[in-house]
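# Topology and contacts: notes
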Amino acid sequence: VTERRQHANGAQQDIDANVNVLEPMGIDTMVFFSLGPTEICARTEPSAVSNVGESMGFTVNMDKMHLIDPSTDAVI
Amino acid sequence: VRDFTAFLGRAPDQAKAADLRRFQIHMRTEIKKIHQRVQTTVVFVTHDQIEAMTLADRIVVMNQGVIEQVGTPDEMYSNPRTHFVASFIGSPSMNFTPCHLTKTAGGLAVRLTDDISLPVPENARHATRPMLIRKCSSVFGPNM
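Residues numbered from 1 in each chain as written. Chains lettered and ligands numbered in written order. Predicted model: local features only at pLDDT ≥ 70, side-chain atom pairs only at ≥ 80, totals over all residues. Heavy atoms only, no water.

### Remarks on the overall build of chain B
- Scanning chain B from terminus to terminus reveals five helices and six strands.
- In sequence order, the secondary structure elements of chain B are arranged as α-α-β-β-α-α-β-β-β-α-β.
- In chain B, which comprises 144 residues, the share counted as buried stands at 31%.
- For chain B, the proportion of contacts with a sequence separation of at least 24, taken over those separated by at least 6, is 37%.
- Carbon and sulfur atoms provide 56% of the accessible area of chain B, an area that totals close to 10200 Å². (Helix = DSSP H or I, 4+ residues; strand = E, 2+ residues; numbered from the N terminus. Buried < 20%, exposed > 50% of the residue type's maximum accessible area, 1.4 Å probe, protein only. Contact = heavy atoms within 4.5 Å. Areas by Shrake-Rupley, 256 points an atom, 1.4 Å probe, with all protein chains shown as cover.)

### Regarding the environment of B:Asp19
- Topologically, B:Asp19 is positioned in helix H1 (residues 14-38).
- Judged by relative accessible area, B:Asp19 falls into the partly exposed class, the value being 45%.

### Some words on a nonpolar patch on the surface
All names here are of chain B.
- Together, Val-60, Met-62, Ile-67 and Val-70 give the surface a local cluster of nonpolar side chains, amounting to about 360 Å² of exposed area.
- Elements that contribute at least two residues to the nonpolar patch include exactly strand S1 (59-63) and strand S2 (66-71).
- Its place among the elements puts Val-60 in strand S1. (Patch = residues over 30% accessible without salt bridge, like charges linked within 9 Å, V, L, I, M, F, W, Y side chains within 5 Å. Salt bridge = Lys/Arg side-chain N within 4 Å of Asp/Glu carboxyl O.)

### Quick look at the pattern of salt bridges
All names here are of chain B.
- Counting across every chain of the model gives five salt bridges over all chains.
- The partner of Glu-30 in a salt bridge is Lys-33, and the shortest N-O contact between them spans 3.6 Å. One end of the pair, Glu-30, and the other, Lys-33, are both in helix H1, three residues apart, so they sit about a helical turn from each other.
- On the basis of relative accessible area, Glu-30 is assigned to the partly exposed category, the value being 27%.
- On the basis of relative accessible area, Lys-33 is assigned to the partly exposed category, the value being 47%.

### A word on the packing of aromatic side chains
- Applying the stated criterion across every chain, the model contains two aromatic pairs over all chains.
- On the numbers, 4.1 Å between centres and 20° between planes, the contact of A:Phe33 with A:Phe58 is stacked. Note that A:Phe33 is positioned in strand S3 (residues 29-35) and A:Phe58 in strand S5 (residues 55-61), a separation of 25 residues in sequence.
- A centroid spacing of 5.9 Å and a plane angle of 5° characterise the contact between B:Phe84 and B:Phe88, whose relative ring orientation is stacked. With B:Phe84 and B:Phe88 both in helix H4 (residues 83-88) and four residues apart, the pair spans about one turn of that helix. (Phe/Tyr/Trp six-rings, centres within 6.5 Å; stacked < 30°, edge-to-face > 60°.)

### Side note on unusual backbone geometry
- Cis geometry is adopted by the peptide bond preceding B:Pro92, which originates at B:Ser91 and carries an omega value of -5°.
- Unlike most non-glycine residues, A:Asp73 shows phi in positive territory, near 65°.
- Looking at where A:Asp73 falls in the secondary structure, it is placed in the loop between strand S6 (65-69) and strand S7 (74-75).
- A positive phi angle, near 55°, is found at B:Gln64, a position not held by glycine.
- Counting through the fold element by element, B:Gln64 comes out in the loop between S1 and S2.
- A relative accessible area of 75% places B:Gln64 in the exposed class.

### Concerning the confidence of the model for chain B
Residues and elements named next belong to chain B.
- In the predicted model, chain B carries a mean pLDDT of 80, and the fraction of residues at 70 or more is 80%.
- Here helix H5 (residues 125-128) stands out as the least confident element of chain B, with mean pLDDT 42; S2 is the most confident, with 96.
- When the criterion is pLDDT under 50, residues 126-136 qualifies, and its contacts beyond four places in sequence or with other chains add up to 32 contacts.
- What the predictor reports for the complex is a pTM of 0.78 with an ipTM of 0.84. (pLDDT = per-residue confidence, 0-100.)

### Points about the pairing of strand S4 (residues 107-111) of chain B
Residue and element names in this part refer to chain B.
- Note that strand S3 (residues 95-104) and S4 share five bridges and pair antiparallel. The residue of S4 that forms the bridge with His-100 is Arg-111.
- Adjacent in sequence and paired antiparallel, S3 and S4 are bridged by two residues.
- Counting the residues that bridge the hairpin from S4 to strand S5 (residues 117-119) gives five residues. (Pairing = 2+ DSSP bridges.)

### Focus on the side chain of B:Glu51
All names here are of chain B.
- Mapped onto the elements, Glu-51 comes out in helix H2 (residues 49-55).
- Summary of buried charges: Glu-51 has no salt-bridge partner, and the nearest side chain of opposite charge, Arg-21, is 5.6 Å away.
- Not counting residues up to four positions away in its chain, the partners in contact with Glu-51 are Arg-28, Phe-44, Thr-46 and Ala-56. (Lys, Arg positive; Asp, Glu negative; His and termini not counted.)

Take a look at the structure:
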């Protein structure tokens, strides 16, 4: 998950969410936001980051997604 | 509970911890240099996944005494085979969230919330597997 980018990379999908927490690391900024019951960490470009409480667009690279069977904990 | 205007917190031996961390990172590089020189097989046991990723040609991830996966650092990172390996490798850790796998006109989709559904790429390995399940945990790493 990253900040929304202008790459035409095909398998990218967008999510809008409010920023919960920012963790500036220098080279990246980790942005935490809520997605349903879960808190998601996105690795973002520091200059693209919104303030805490404000909305920000994120992109999910679905090519790098894994699905896990909760009954076996195996990646399927 | 009292009202305080400020809290003072201090991690135990913070200066020492920072020194130790620097020493560990330095030693990691030294161990790698020694190995590159002597070429002898080294078995290195660690609980630090960054140490494992940076040092190893092959990683063996064990969980409760059982080998979960063996592979190169890149294989472990890109293609973890279990939830444990996926959660152990990588910093920050992968994101895990419950989801439902649904069928749409355009193919399969991962429904994360009532409003958010993300299409599964057609070339995804799991999309071609015969065994599809209704409920699953979706995982996507922060490092994308």
